[in-house]
Amino acid sequence: GLGDVYKRQIQSMNEGILVEDTSGRITFVNTSAAKMLGYGSEELIGKHWKTAISSDHLWLVEREAAKRSHGIASRYETVLSTRDGQSVPVIVSARPLFNEGQFAGVLAVFTDITELKKAEKALRESEARYRTISDLTSDFAYAFRVEPDGTLTREWTTEAFTHITGFSLEEIDRRGDWTRFVPSSDAATAQQPSELRIITKDGDTRWLSIRSRPVRNEEQGRIVRVVGAAQDITDRKQAEEAFIRRNRELTALNAIATILNQHLDPQKALNATVDRILEMVEASAGWIQLLDEETHTLRLIAYRGFSSQALTAIRSITLNTDASAIAHMGEDGILDQVARLTENVRLKDLDACTHIPIKAKERVLGILGIFSKQPCRIGPQKQQLLTAIAHQIGTAIENMQLAEEASEIEILRELSRLRSELVANVSHELKTPVAIIKGYAETLLRPEARRNPGIVEDMLSDITQEADRLTRLVDDLLDASRLQAGGLPFRDVDEVDLRSIVEHVVGRYRGRTRKHELVMEFPDSFPVVIGDAERLDQVIDNLISNA
């Protein structure tokens, strides 16, 4: 009747099913179970369940079987032993059977997981291969399990992690702070490369470019694993920062040249120059002291960042050496002299960073001093830049002195020479980043730089644009120098529609500024003129830019 129907259904199931009595003897076994073990169904009846268990796993099954008489069901993994000695990995679900409240036996259901074990083994071997390959590279790869609460548990990470960060894997495991070095599961969903700044065990700063991929479990509806690789891009980031810093310094240099060359008030020009210098070197205070040869003193002419008490002490500093001798001393001599002098001047909370002689025609005119509230070091590159600025200041000061001493004709003549010299100096300085760009581009030829073609292409495009921009600046400065010398040629003289040129230039600037409104008005009868269209474009561009 009904029992026969159930038996037929049990016999047709893929899972193995057997029933044991209280002594552990098999009283029923379905076809799937007998097939797994290599027996006929009738052959297993009456045998003890130990016949079907691998000897290596017998202790585990005995421990689990002891729970049945106490009414405890369990699910565990073990290995069956077939008739011909083969091993079959299975998952067992066992529950006790009771008859009128008395323990009557055990019902066991086991599922063959041979294919699953093979897949897991293949996955482990694959991971081992990939881990070995990753260990041979300078980058590190990783795989993290994402817990239900969103925390990350490391499954494996290549040894390159330690080489890059200085931390051992065990140290970070104990601290549970992996999100400092790999993206969280939420960040990984973007599947876009990200840049992460890390602090190494030694306290250094390094940059990583990280690509992560989430692995989702569709049944659970969440991310269960994050895998990825991280590339150390510190050298590239440092090169980018150096390039940006150098470009910023050159922009400041050009601005200082403009201030010194065009400002009508010498005092305001020098104070504005000190402002730009402090901004460029990130210092707290600075001064320009001019040498008074008659009184043998350094006289404060421009300053920023000093207290009123300090100003009283530094407005006039008497030199310990004859002023005329100092004016012709070498750089080492003047710097040693000023260093000794400033030690005797009380500057509250300020330390001297550097002192640079302000010279013109190899003659010392004064001192440029830089101070900071924190201990500071001016590197060779900034020292060179400050020396160039001091030379510009010297040229400008010499121009100011000449303007006071000479007649109007002589002033204009010398001013023309000094401006040409100033433009030539700035042009020389602006060519320096071209060499930097070239060196930076050469670093991109390294094999590690080609791993990300997109970034390489963007960087090369940026380098090209910056080089073109700096080259145009140099050409403009050289044109200005030739203009001062009366040697700037026209390029192409012809009929010119001035309205269209102005419209073109105004269109360029409207996209660059939100602070100004540019309005162009031309009468309908405005005539065509004879001129050089390119030079006229330059003139109008300069007028608007300066305004």
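Coordinates for the structure precede this section.
Q: Help me out: how do you make sense of the nonpolar core in this one?
A: Side chains of nonpolar character tend, in soluble globular proteins, to be buried together. Ranked by size, the top nonpolar core spans 32 residues in total, and within it L270, I277, I288, I370, L386, I389 and I393 carry the most contacts. With eight residues, helix 14 (residues 380-405) is the single largest residue contributor to this core. When near neighbours in sequence (up to four residues on either side) are disregarded, I393 contacts L260, L270, T273, I277, I288 and I358.

Q: Would you explain the side chain of T157 in this entry?
A: On the secondary structure map, T157 appears in strand 7 (residues 152-157). Ignoring any residue separated from it by four or fewer positions in sequence, one finds T157 in contact with F140, A141, Y142, F144, L169 and W178.

Q: Would you take a moment to explain the sheet that holds strand 6 (residues 140-146) for this structure?
A: In a beta sheet, neighbouring strands are held together by backbone hydrogen bonds and run either parallel or antiparallel to one another. Strand order in the open sheet formed by five strands is 7-6-10-9-8, and the pairing between neighbours is antiparallel. For this open sheet the edge positions go to strand 7 and strand 8 (194-199), each flanked by a neighbour on one side alone. The mean inter-strand angle of the sheet, taken between neighbouring strand axes irrespective of direction, is 35°.

Q: Honestly, helix 19 (residues 533-546) in this entry has me stumped. Any pointers?
A: Owing to its 3.6 residues per turn, the α-helix aligns residues three or four sequence positions apart on the same side. If you check helix 19, its first and last C-alpha atoms are 20 Å apart, about what 14 residues at 1.5 Å a residue would give, namely 20 Å. Listed in full, the buried residues belonging to helix 19 are R535, D537, I540 and D541. The residue sitting at the N-terminus of helix 19 and contributing the capping side-chain oxygen is D532; that oxygen lies 3.1 Å from the backbone nitrogen of E534.

Q: Help me understand a nonpolar patch on the surface in this model?
A: A cluster of nonpolar residues, F490, V493 and I530, forms a patch on the protein surface that exposes about 360 Å² of accessible area. Positionally, V493 belongs in strand 16 (residues 493-496). Judged by relative accessible area, V493 falls into the partly exposed class, the value being 48%.

Q: It is not clear to me how the sheet that holds strand 13 (residues 316-318) should be interpreted in this structure. Could you clarify?
A: Taking strand neighbours across the sheet as the criterion, the five strands line up as 13-12-11-15-14 in an open arrangement whose pairing is antiparallel. In this open sheet, the two strands that pair with only one neighbour each are strand 13 and strand 14 (351-360). Across the sheet, the mean angle separating the axes of adjacent strands is 25° when strand polarity is ignored. Here helix 10 (residues 266-281) sits on the sheet and contacts strand 11 (285-292), strand 12 (297-304) and strand 15 (363-372); the angle it forms with strand 12, its principal contact strand, is near 65°.

Q: In this structure, what is going on with the packing of helix 18 (residues 498-510) against helix 19? I would like to understand it.
A: To describe two helices that pack against each other, one gives the angle between their axes and the distance between the axes. Direction vectors running N to C along helix 18 and helix 19 enclose 40°, while the axes themselves pass 10 Å from each other. As judged from the angle between their axes, helix 18 and helix 19 are oblique. Considering only the axes of helix 18 and helix 19, their crossing is right-handed. On helix 19, the residues touching L498, I501, V502, H504, V505, V506, R508 and Y509 of helix 18 are A533, L536, D537, I540, D541, I544 and S545. Of the residues in the contact of helix 18 with helix 19, the class split is 10 nonpolar, two polar and three charged.

Q: Before we go on, may I ask you to explain the pairing of strand 5 (residues 102-112) in this structure?
A: Each regular strand displays side chains that alternate between the two surfaces of the sheet. Judged from the five bridges that link them, strand 1 (residues 16-20) and strand 5 form a sheet pairing that is antiparallel. Within strand 5, the position partnered with I17 by the bridge is V109. Pairing of strand 4 (residues 87-99) with strand 5 involves 10 bridges; the strand directions are antiparallel. When the bridges of strand 5 are listed, A94 appears paired with A108. Here strand 4 folds back onto strand 5, and the loop between the two strands holds two residues, one of which, E100, carries a positive phi near 55°.

Q: Got a minute to help me understand the side chain of H48 in this structure?
A: Along the chain, H48 turns up in the loop between helix 3 (41-44) and helix 4 (58-65). Here H48 falls in the buried class, since its relative accessible area comes to 19%. A distance of 3.2 Å separates the side chain of H48 from the backbone oxygen of S23, its partner in a polar contact. Look past the residues within four positions of H48 in its chain and what remains in contact with it is S23, G24, R25 and I26.

Q: Looking at this structure, I do not really get the packing of aromatic side chains. What am I missing?
A: Pairs of aromatic rings are described using the distance from one ring centre to the other and the angle between the two planes. One pass over the full model with this rule turns up eight aromatic pairs. An angle of 45° between the planes, with centres 6.1 Å apart, marks the rings of F140 and Y142 as tilted. Judged by its relative accessible area of 1%, F140 is buried. Pairing F306 with F371 gives two aromatic rings, centres 5.5 Å apart and planes at 75°, and the pair type is edge-to-face. Of this pair, F306 sits in the loop between strand 12 and helix 11 (308-314) while F371 sits in strand 15; the two residues are 65 residues apart in sequence, bridging distant segments of the chain. Assigned by exposure class, F306 and F371 land together as buried. One aromatic cluster is present, built from ring pairs that chain together F140, Y142, F144 and F161. Over the face of the ring belonging to W207 we find K237, whose NZ or CZ atom lies 4.5 Å from the ring centre.

About the criteria used
Residues numbered from 1 in each chain as written. Predicted model: local features only at pLDDT ≥ 70, side-chain atom pairs only at ≥ 80, totals over all residues. Heavy atoms only, no water. Core = buried A, V, L, I, M, F, W, Y, C linked by side-chain atoms within 4.5 Å. Buried < 20%, exposed > 50% of the residue type's maximum accessible area, 1.4 Å probe, protein only. Helix = DSSP H or I, 4+ residues; strand = E, 2+ residues; numbered from the N terminus. Contact = heavy atoms within 4.5 Å. Pairing = 2+ DSSP bridges. Axes fitted to C-alpha atoms, helices over the stretch in contact; angles between N-to-C directions. Expected span 1.5 Å × (residues − 1). Polar contact = N/O pair within 3.5 Å; in protein donor to acceptor, adjacent residues only side chain to side chain. Patch = residues over 30% accessible without salt bridge, like charges linked within 9 Å, V, L, I, M, F, W, Y side chains within 5 Å. Areas by Shrake-Rupley, 256 points an atom, 1.4 Å probe, with all protein chains shown as cover. Salt bridge = Lys/Arg side-chain N within 4 Å of Asp/Glu carboxyl O. Parallel < 35°, antiparallel > 145°, perpendicular 65-115°, else oblique. Left-handed = near helix turned anticlockwise from the far one by under 90°. Nonpolar A, V, L, I, M, F, W, Y, C, P; charged D, E, K, R; others polar. Phe/Tyr/Trp six-rings, centres within 6.5 Å; stacked < 30°, edge-to-face > 60°. Lys NZ or Arg CZ within 6 Å of the ring centre and 35° of its normal.

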